[in-house]
Amino acid sequence: MSQRIPVTELTDSFRGRAVGALADNQLRTNFRVAMDSLMKKRADAFPDEEEREGLRELGNHIKARALSRLPDLLEQLEAKLTANGVHVHWAETTEDANRIVHSIIEAQKGTQVVKGKSMVSEEMEMNDFLAERNIECLESDMGEYIVQLDGEKPSHIIMPAIHKNRFQVAKLFHDKLGVDETEDVNELIQIGRRTLRQKFLEADVGVSGVNFAIAETGTLLLVENEGNGRMSTTAPPVHIAVTGIEKVVENLRDVVPLLSLLTRSALGQPITTYVNMISGPRKADELDGPEEVHLVLLDNGRSGAFADAQLRQTLNCIRCGACMNHCPVYTRVGGHTYGEVYPGPIGKIITPHMVGLHKVPDHPSASSLCGACGEVCPVKIPIPEMLQRLRQENVKSPAEHPKVKDGGAKYSRKERALWRFWVTLNTSPGFYRLFLWAATRFRKLAPKNVGPWTENHTAPVPARRSLHDLAKAHLNQGDR
Amino acid sequence: MSELFYDAAPNATRVAPERAKPRTYPARPEEVTLFGTCVVDLFFPEAGLDAIRLLEREGIRVHFPQEQACCGQPAWTSGYVNEAREVARAQLNLLDNGLPVVVPSGSCAGMFRQHYREVFADEPDTLKRVDDLAERTYELTEFLLHVCKVDWQDLGQPTRIALHTSCSARREMNTHLHARELLGKLANVTRLDHDHESECCGFGGTFSVRMPEVSGAMVLDKTRSLRESGAVEMVTADGGCLLNINGSLEKQHQAFRGRHLASFLWERVSGEAMS
Ligand code: SF4
């Protein structure tokens, strides 16, 4: 139907990538089918609305309490972990974090790393950093393994290869691993597993993420379904955990509701197959476990969000992915359209703090503010409110001192002038009525082509008479 | 869950606002103000007039202040806070007379009920008036259902319709439930569900022109599921969604159309077929 304007000059933007994604029917089907099933799983996991809402409220309070004491909790975490024999490192930037990880591996003279699923390591682009230094870093999570094999980035924070269906995976395995093409999902998993098993035994270092870092006990909690997380954190002699500073919670008691919220919101599971609680390296009387455990705590812009009471709520996130599963935009354009590590609604509100609004100027506007994300977020982040705030920061002039990294990316005198005109129109009743009169009187002259709107719609034609006019005639009474 | 709250009270960090308690409704007032909204004003004025007729039918005197304009939503959602505040202030001043305000659009009602608090967050004195306005603002279907407690006789022929509810109205004010219940009072009207009913139609104000390709894909899906629902027409209480959905249907050369719920309701209860 509608003529699509080629947006070639926009290919390196959200909009340009969206055009490409929308034209890919396979991709769109893959996402729609997958997201529909995830939405259903979440709904089934919360049959009792009262219970769900109570739990979400609790989750929100726990995270808010943890954030309100963030500096203290981080110090407590460091002290406890150190006492448990874990080495704690602080990284302000992803570059710092990579250097820390590299130096730990170098000290071991390591050349092979296996990695459990970790979005923070994606944020760091750790694989590339290590590869440039001749260290092989192998993804052990099946989804991550698939995207790594294809030279891609994850398209979802929980299911990295969700943009591919099993036929595409079968073909990939056939092409890259030289195995027979099979569409049997179990067989595909077995192929991946066989390849990975050997690597676990050979690896010098295991890397993982962290779901909750518990300050009171100095415990790193990691959930997963494939057992690869446990392998990565126990088989190699050295384990390096990387995580963002917002993952710290006060105590184990806080973890119970958060864990339930996380697994039910993410995949509709009452609990994951594996729950790993790491409290330090192998003790003298223990049979297995790493000899060394490190934790790298990454800031990468999080403290910028923390500094603002409103935007701080972004750091409540427990990375369940429910917001993207329910997002009508994400469902249609997929994760890669966002161009950065974190896609979907959470990506739109956290990425600006990490890379600055200049790099992702369209992130705040790529939303209809429908609110589906905020409705499901297990820790009640008001995501639409965050987006709206980022829009404010995005249109500020330099003189207005935007409060978000590289704010003012969409500042435009021209657009500001148009809004000033709109203010005049809507605050001058006489002028407004004159406008209504002219628009209805000359309705036939209404433009037939109104920019991007007419790509998808016919041009709207004003009515013959405005409501102001009709109401006045109908009511035939003095104005109040 | 409450015993688990133990000492979860935070400090210096925002917590989610308390869940809204079910709204209590006053007795039917003698007079109300109709806030028409700018989209209805210019594109669907008949719907505004039908809203007035529906209210008058319940014995209510309706005022339509001629000084009213836009509620400020477009600037607010675009990030132009100061501009939104100026326009919002003009409406706030205009509506500052204690009368209930009825709005034939969920998202504009939501602006009064929810977002004016954010718009005027830095003005404690204004906030009192904002809260007062929020307290007496009603979306049309909500008002007809819970305040007027309408008791209708359906005078129309049997028909099948689909109901679309704007996202903000649905998620901020549950208006889909009000509209459903209201439609349920019409004996000859069958409301049919449509696929992905709670999903956004893709309008989102300026989103539709800033991200036309994504918005276009959304409205295409929405119009398809509406057409495939088996309904003969779609009704909605939101001007923005209506503009989006009808504009897309026309562009696709489809005969299927949506119309404003107020017009549909008036036709059913008055027995008058609208032009
Ligand atoms: S923002 Fe909320 S819904 Fe989205 S990933 Fe984070 S916790 Fe989950």
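Worth saying up front: this structure is predicted, and the values here are computed from it rather than measured.

Visitor: Quick question: what am I supposed to make of the overall build of chain A here?
Guide: Looking only at helices and strands, chain A features 22 helices and 10 strands. If one aligns the C-alpha atoms of chain A with their principal axes, the spans along those axes are about 90 × 55 × 45 Å. Within chain A, buried positions represent 58% of all 480 residues. A fraction of 71% describes how many contacts in chain A between residues 6 or more apart in sequence connect residues 24 or more apart. Only carbon and sulfur atoms are counted for the fraction: they give 52% of the accessible area of chain A, which is about 19,900 Å².

Visitor: Sorry, what's going on with the domain arrangement of chain A here?
Guide: A common way to express how large an interface is: the accessible area buried when the components associate. Each assigned domain of chain A is listed here: domain 1 (7-41 + 323-400), domain 2 (48-300) and domain 3 (428-475). Of note, the centres of domain 1 of chain A and domain 3 of chain A, computed from C-alpha atoms alone, are 33 Å apart.

Visitor: Mind showing me how you'd approach the side chain of glutamate 58 of chain B here?
Guide: All names here are of chain B. Mapped onto the secondary structure, glutamate 58 falls in the loop between helix H2 (45-57) and strand S2 (61-63). The buried category is assigned to glutamate 58, whose relative accessible area is 12%. Setting aside chain neighbours within four positions, we find glutamate 58 in contact with Arg28, Cys148, Val150 and Trp152.

Visitor: What should I look at first to understand the interface of chain A and chain B in this one?
Guide: At the interface, 91 residues of chain A touch 88 residues of chain B. Contact between chain A and chain B buries roughly 8,100 Å² in total, counting both sides, with carbon and sulfur atoms accounting for 60%. Seen at the junction of chain A and chain B, the total is 12 salt bridges. Across the pair arginine 210 of chain B and glutamate 415 of chain A runs a salt bridge, and its minimum N-O distance is 3.1 Å.

Visitor: Looking at this structure, I do not really get the sheet that holds strand S7 (residues 233-236) of chain B. What am I missing?
Guide: All names here are of chain B. Strand order in this open sheet of four strands is S6-S5-S7-S8, and the pairing throughout is parallel. Looking at which strands have only one partner, the edges of the open sheet turn out to be strand S6 (189-192) and strand S8 (258-260). Across the sheet, the mean angle separating the axes of adjacent strands is 40° when strand polarity is ignored. Both strand S5 (residues 159-164) and S6 contribute to a ladder of four bridges, which runs parallel. Residue isoleucine 161 lies in a different strand from S6, and its bridge partner there is arginine 191. Each of S5, S6, S7 and S8 touches helix H13 (residues 261-270); the most contacted strand, S8, lies at about 80° to it.

Visitor: Sorry, what's going on with unusual backbone geometry here?
Guide: Glycine aside, residues mostly have negative phi angles, and peptide bonds mostly take the trans form. All names here are of chain A. Notably, asparagine 300 is not glycine yet its phi reads approximately 45°, a positive angle. For asparagine 300, the location among the structural elements is in the loop between strand S10 (292-298) and helix H13 (302-306). Given the relative accessible area of 11%, asparagine 300 is considered buried. At leucine 369, a position not held by glycine, the phi torsion is positive, near 55°. You can see leucine 369 is positioned in the loop between helix H16 (344-355) and helix H17 (372-376).

Visitor: Honestly, helix H6 (residues 124-135) of chain B in this entry has me stumped. Any pointers?
Guide: Given 3.6 residues per helical turn, the α-helix brings residues three or four places apart onto the same face. All names here are of chain B. Between its first and last C-alpha atoms H6 spans 17 Å; for 12 residues at 1.5 Å apiece the expected length is 16 Å, and the two agree. All of the buried residues along H6 are Thr126, Leu127, Val130, Leu133 and Ala134. Each buried residue of H6 sits inside an arc of 120° when the element is viewed along its axis, so together they form one side. Turned more than 90 degrees from where H6 packs its buried face, Pro124, Asp125, Lys128 and Glu135 sit exposed. Against helix H4 (81-94), strand S3 (101-103), helix H5 (106-119) and strand S4 (137-139) lie the buried residues of H6.

Visitor: Can you help me understand the site of the ligand in this one?
Guide: As a matter of local geometry, the ligand sits amid Cys317, Ile318, Arg319, Cys320, Gly321, Cys323, Ile346, Cys377, Pro378, Val379, Ile381 and Ile383 of chain A. Its residues placed into classes, the shell around the ligand shows 10 nonpolar, one polar and one charged.

Visitor: Please clarify how the UniProt feature "domain: Cysteine-rich" (unreviewed entry) in chain B should be interpreted in this entry.
Guide: Residues and elements named next belong to chain B. Following the UniProt record, the feature "domain: Cysteine-rich" (unreviewed entry) maps to residues 32-113 and 161-245 here. End C-alpha atoms of residues 32-113 are separated by 16 Å, and the span's content is 57% helix alongside 11% strand. With 52% helix and 14% strand, residues 161-245 has end C-alpha atoms that lie 15 Å from one another.

Visitor: Where do I start with the sheet that holds strand S3 (residues 136-139) of chain A in this structure?
Guide: Residues and elements named next belong to chain A. Here we have six strands laid out as an open sheet, ordered S1-S10-S7-S4-S2-S3, and parallel in their pairing. What marks the edges here is a single partner per strand, and that holds for strand S1 (86-91) and S3. Neighbouring strand axes in the sheet, compared pairwise and without regard to direction, differ in orientation by 20° on average. As paired elements, strand S2 (residues 112-115) and strand S4 (residues 205-208) share three bridges and run parallel to each other. Within S4, the residue paired with lysine 115 across the bridge is valine 207. In this fold helix H4 (residues 70-83) packs onto S1 and S10, with an angle of close to 145° to the strand it touches most, S1.

Visitor: So what exactly am I meant to see when it comes to the packing of aromatic side chains here?
Guide: Each pair of aromatic rings is reported with the distance of its centres and the angle of its planes. Using the criterion set out here, one finds 15 aromatic pairs over all chains in the structure. Aromatic side chains phenylalanine 14 of chain A and tyrosine 338 of chain A sit 5.1 Å apart centroid to centroid with 80° between the ring planes, which places their arrangement in the edge-to-face category. Separated by 324 residues along the polypeptide, phenylalanine 14 of chain A in helix H1 (residues 14-22) and tyrosine 338 of chain A in the loop between helix H15 (328-333) and H16 bring together distant segments of the chain. Like tyrosine 338 of chain A, phenylalanine 14 of chain A is buried. Ring geometry for phenylalanine 112 of chain B against tyrosine 116 of chain B: centres 5.2 Å apart, planes inclined by 75°, an arrangement best described as edge-to-face. Separated by four residues within a single helix, phenylalanine 112 of chain B and tyrosine 116 of chain B lie in helix H5, roughly one turn from each other. Given a relative accessible area of 0%, tyrosine 116 of chain B falls into the buried group.

Visitor: Whenever I open this one, the confidence of the model for chain B confuses me. Can you help?
Guide: Predicted coordinates in regions of low pLDDT should not be interpreted in detail. Residue and element names in this part refer to chain B. On average, residues of chain B score 92 in pLDDT, and 95% of them reach the 70 mark or higher. Confidence over residues 1-11 falls short of pLDDT 50; this stretch has 24 contacts with residues more than four positions distant or in other chains. Scoring the predicted complex yields pTM 0.94 and, for the interface, ipTM 0.93.

Parameters at a glance
Throughout this description, residue numbers start from 1 for each chain and increase along the sequence as written. Labels are handed out in written order, letters beginning with A for the chains and numbers beginning with 1 for the ligands. Totals for whole chains, interfaces and linings use every residue, but because this is a predicted model, local features are given only for residues with pLDDT of at least 70 and side-chain atom pairs only at 80 or more, for both listing and counting. Side-chain measures here rest on the full set of heavy atoms in the structure, leaving out hydrogens and waters. Helix and strand assignments come from DSSP, with helices taken as H or I runs of at least 4 residues and strands as E runs of at least 2, each series counted from the N terminus. Note on exposure labels: buried denotes an accessible area under 20% of the residue type's maximum, exposed denotes more than 50%, and partly exposed covers the range between, all computed with a 1.4 Å probe on protein chains only. In what follows, residue pairs with any heavy atoms lying within 4.5 Å of each other are defined as contacts. Note on areas: Shrake-Rupley with a 1.4 Å probe; residue coverage comes only from the protein chains shown. An automatic or database domain assignment supplies the start and end points of every domain. By buried area we mean how much accessible surface two parts lose on assembly, using a 1.4 Å probe and totalling the loss over both. Counted as salt bridges are all cases of a side-chain nitrogen of Lys or Arg within 4 Å of a carboxyl oxygen of Asp or Glu. Pairing between strands is defined by DSSP: at least two bridges between the two strands are required. All axes here are fitted lines through C-alpha atoms, helices being fitted over the stretch that makes contact, and every angle between N-to-C directions spans 0 to 180 degrees. By this rule the span expected of a helix is its residue count minus one, scaled by 1.5 Å. By construction, the arc corresponds to the directions joining the helix axis to the C-beta atoms. Only a single heavy atom is needed: when it lies within 4 Å of a molecule or strand, its residue is near that molecule or strand. Under the scheme applied here, ten amino acids are nonpolar (Ala, Val, Leu, Ile, Met, Phe, Trp, Tyr, Cys and Pro), four are charged (Asp, Glu, Lys and Arg), and all others, including Gly, are polar. UniProt positions are given in the numbering used here, feature names are shortened, and annotations may be inferred rather than shown by experiment. To pair, rings of Phe, Tyr and Trp, with the six-membered ring standing in for Trp, must have centres within 6.5 Å; the planes then decide the type, stacked if under 30 degrees apart, edge-to-face if over 60, and tilted in the middle. In predicted models, pLDDT denotes the confidence assigned by the predictor to each residue on a 0 to 100 scale.

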